[in-house]
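The residues making up each chain are set out below.
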Amino acid sequence: MGKLADWIRQERPSLFVSDVSVEAATLARLMGTPVVVAAMRGDRGDEAHRLAYDLADALIAPWPQSLPEPHWPGDWYAKTLHTGSISRFDGRPRPAHHNDRGPCRKEVAVLLGAGGTDVTDQQIEETVRATPEWSWTFLGGADWSEDPWPVLCRADVVVTHAGQNAVAECAAARVAAVVIPQDRPHGEQYATAHALHSAGLATVRQSWPAAHLWSELLAEATARPERWACWSHGDGARRAGRLLTELAQRVPRRSACARR
């Protein structure tokens, strides 16, 4: 915090953006710097989150305005920019791919990430054995991929948790998804899964289904109409950038005080 305070004092920024740190946002605001906070879904009614969201000059919510977070006070909504999802793959062309899995098999990609999962290896192994008509590709854990984009684009369906980034990447790829929320602080993933389910954007289950249910579940997911454009506008980062530029330009950059 001392280093951060020294940087603010030296650079005198026109705007400070905090991702999830209430402490950093509060420090910047106490030092007279306008603050933007990246909002998150889930129950943010605790004292710490209320403090950060209250003191923010603006909130950036990476989900659509048509699917707001319930129970927010009106003053939070009034200063929120809903950008739609933000993905590193927004605008990236879809690669051409060669189907080497056989004419009768479809592909399911499992995107687990690195944040921890309730799903066991045994559950996954049983599911793979119960769905011989599907080819399974795993992204995450020991099968970590720095660039999952080609797999996401060629998959017929992606099985993933309800983390904000994972959902954004599925949306950018416009791929059918089975979303299984994992336990996270403040119920973040359950809130995201509820929004996806209510809008009919993904096939949602609250826990990993039994192996014998997966063939029907994957068929249900692939039959769902593709509606990701509602969630992913494709320019979420640019929308956020325009807001930050506008806010930063409201406050002229101050020169350092001269020594006395």
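Everything below is about the structure printed above this text.
Please read these numbers as outputs of a predicted model, since none were measured by experiment.

Think of an α-helix as 3.6 residues a turn; residues three or four steps apart then line up on the same face. Taken residue by residue, helix 2 (residues 22–30) has Val22, Ala24, Ala25, Thr26, Leu27 and Ala28 as its buried positions. Looking at the packing, one finds that the buried side of helix 2 touches helix 1 (2–11), strand 1 (16–18), strand 2 (35–38) and helix 3 (47–55). Downstream of helix 2 by a residue or two, glycine 32 has a phi angle that is positive, lying close to 85 degrees.

This part is about the packing of aromatic side chains. This structure, assessed with the given rule, holds 9 aromatic pairs. Pairwise contacts between aromatic rings join Tyr53, Trp63, Trp72, Trp76 and Tyr77 into one cluster.

This part covers helix 9 (residues 214–223). Looking only at helix 9, the buried set comprises Trp214, Leu217, Leu218 and Ala221. Looking straight down helix 9, one finds that the buried residues subtend no more than 95 degrees of arc, so they occupy a single side. The outward face of helix 9, more than 90 degrees from its buried face, is lined by the exposed residues Glu216 and Ala223.

Cut-offs applied
Residues numbered from 1 in each chain as written. Predicted model: local features only at pLDDT ≥ 70, side-chain atom pairs only at ≥ 80, totals over all residues. Heavy atoms only, no water. Buried < 20%, exposed > 50% of the residue type's maximum accessible area, 1.4 Å probe, protein only. Helix = DSSP H or I, 4+ residues; strand = E, 2+ residues; numbered from the N terminus. Contact = heavy atoms within 4.5 Å. Phe/Tyr/Trp six-rings, centres within 6.5 Å; stacked < 30°, edge-to-face > 60°. Arc of directions from axis to C-beta.

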